[in-house]
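Examining the three-dimensional arrangement
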Amino acid sequence: MARVSDWFNSKPLDELNAQQWEALCDGCAKCCLHKLEDADSGEVFYTKVRCRYLDEETCRCTDYANRSVQVPNCIHLRPENLQELAWLPSTCAYRLRFESKPLPAWHPLVSGSREAMYSAGVAIRGRSISDEHVHPDGYEEHIVHWVE
Ligand code: SF4
Ligand code: SF4
């Protein structure tokens with residue numbers, strides 16, 4: 001039988017309460033990077049260009065409550081739309097749990113803090129640039145391969 005503290009690995013995504021759903025996010029902020037899609041193959045490429053509302057140091061949205069207003073295409077993850085979000089990084093806790101995989105040892109819910117995640121090099125901290133400083137036609141030169 002799973003321990004109560006293992007809810008993040010044992011509880012189905014559609015049974016999480018709002019607080020648990022939010023806590024599942026590891027805070028890596030990879031999903032706040034701009035992505036490019038190959039029109040022919042559909043392949044998605046991550047760039048190091050981040051949304052201007054992201055605080056890179058904390059990897060937190062600076063206007064989370066109004067993110068849909070500030071950025072109309074800001075993605076709201078839900079149990080019912082995870083299947084369509086194949087571009088989510090392989091480290092994303094929502095993707096991992098959707099694929100019935102356990103959270104890694106560095107995840108804040110497992111390690112108890114964000115430090116292990118930063119040490120593991122999972123977050124974008126220190127590796128991105130704000131979209132305020134990049135022309136929309138210039139994202140291609142900022143494609144990166146460290147988002148897995
Ligand atoms: S990629 Fe997933 S785990 Fe990382 S910040 Fe986005 S939603 Fe959270
Ligand atoms: S509005 Fe906030 S949550 Fe949405 S992409 Fe920008 S920084 Fe990320």
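One structure accompanies this document, and this report is about it. Remember, it's a predicted structure, so these values are computed and weren't measured experimentally. (Residues numbered from 1 in each chain as written. Chains lettered and ligands numbered in written order. Predicted model: local features only at pLDDT ≥ 70, side-chain atom pairs only at ≥ 80, totals over all residues.)

What follows deals with the overall build of the protein. For the protein, the helix and strand inventory stands at six helices and five strands. In the protein, the order of α-helices and β-strands from amino to carboxyl end is α-α-β-β-β-β-α-α-α-α-β. Taking the principal axes of the C-alpha coordinates as reference, the protein spans close to 55 × 35 × 30 Å. Counting over 148 residues, the protein shows a buried share of 20%. Summarising the internal contacts of the protein: among those between residues at least 6 apart in sequence, 60% fall at separations of at least 24. (Helix = DSSP H or I, 4+ residues; strand = E, 2+ residues; numbered from the N terminus. Buried ≥ 20, exposed ≤ 12 C-beta atoms within 10 Å, placed from the backbone. Contact = placed C-beta atoms within 7 Å.)

Surrounding ligand 2, one finds Cys32, Cys51, Tyr53, Leu54, Cys61, Arg67, Gln70, Val71 and Cys74. When grouped by side-chain class, the residues that make up the shell around ligand 2 number seven nonpolar, one polar and one charged. (Near = placed C-beta within 6 Å. Nonpolar A, V, L, I, M, F, W, Y, C, P; charged D, E, K, R; others polar.)

Cys28, Ala29, Cys32, Leu33, Ala123 and Ile124 are the most contacted members of the largest nonpolar core, which has 16 residues in total. Those residues in contact with cysteine 32, other than ones at most four positions away along the chain, are Arg50, Cys51 and Leu54. In terms of nonpolar packing, the next biggest core, distinct from the first, is built from five residues, Leu24, Cys92, Ala93 and Leu96 among them. (Core = buried A, V, L, I, M, F, W, Y, C linked by C-beta atoms within 7 Å.)

Contacts to ligand 1 come from 13 residues, most closely from Cys25, Asp26, Cys28, Cys31 and Cys92. Here the shell around ligand 1 is built from residues that sort into 10 nonpolar, one polar and two charged.

A few words on the environment of arginine 50. Turning to its location among the elements, arginine 50 is positioned in strand S2 (residues 44–50). Sequence-wise, arginine 50 and tyrosine 118 are 68 residues apart; in three dimensions their C-alpha atoms are separated by 17 Å. Excluding residues that lie within four positions of it along the chain, arginine 50 makes contacts with Cys32, Leu33, Glu56, Ile124, Ser128, Ile129, Ser130 and Asp131.

Moving on, we come to the sheet that holds S2. Backbone-to-backbone hydrogen bonds pair the strands of a sheet. The strands run either parallel or antiparallel. Taking strand neighbours across the sheet as the criterion, the three strands line up as S1-S2-S5 in an open arrangement whose pairing is mixed. In this open sheet, the two edge strands, each paired with only one partner strand, are strand S1 (33–37) and strand S5 (129–130). Sheet topology note: the S2/S5 ladder contains two bridges and is parallel. Within S5, the position partnered with arginine 50 by the bridge is serine 130. (Pairing = 2+ DSSP bridges.)

What follows is about the pairing of S2. Looking at chain direction, S1 and S2 are connected through four bridges and run antiparallel. Its bridge partner being in S2, leucine 36 is matched across the sheet by phenylalanine 45. The hairpin turn running from S1 into S2, its antiparallel successor, is six residues long, and glycine 42 in that turn takes a positive phi close to 80°.

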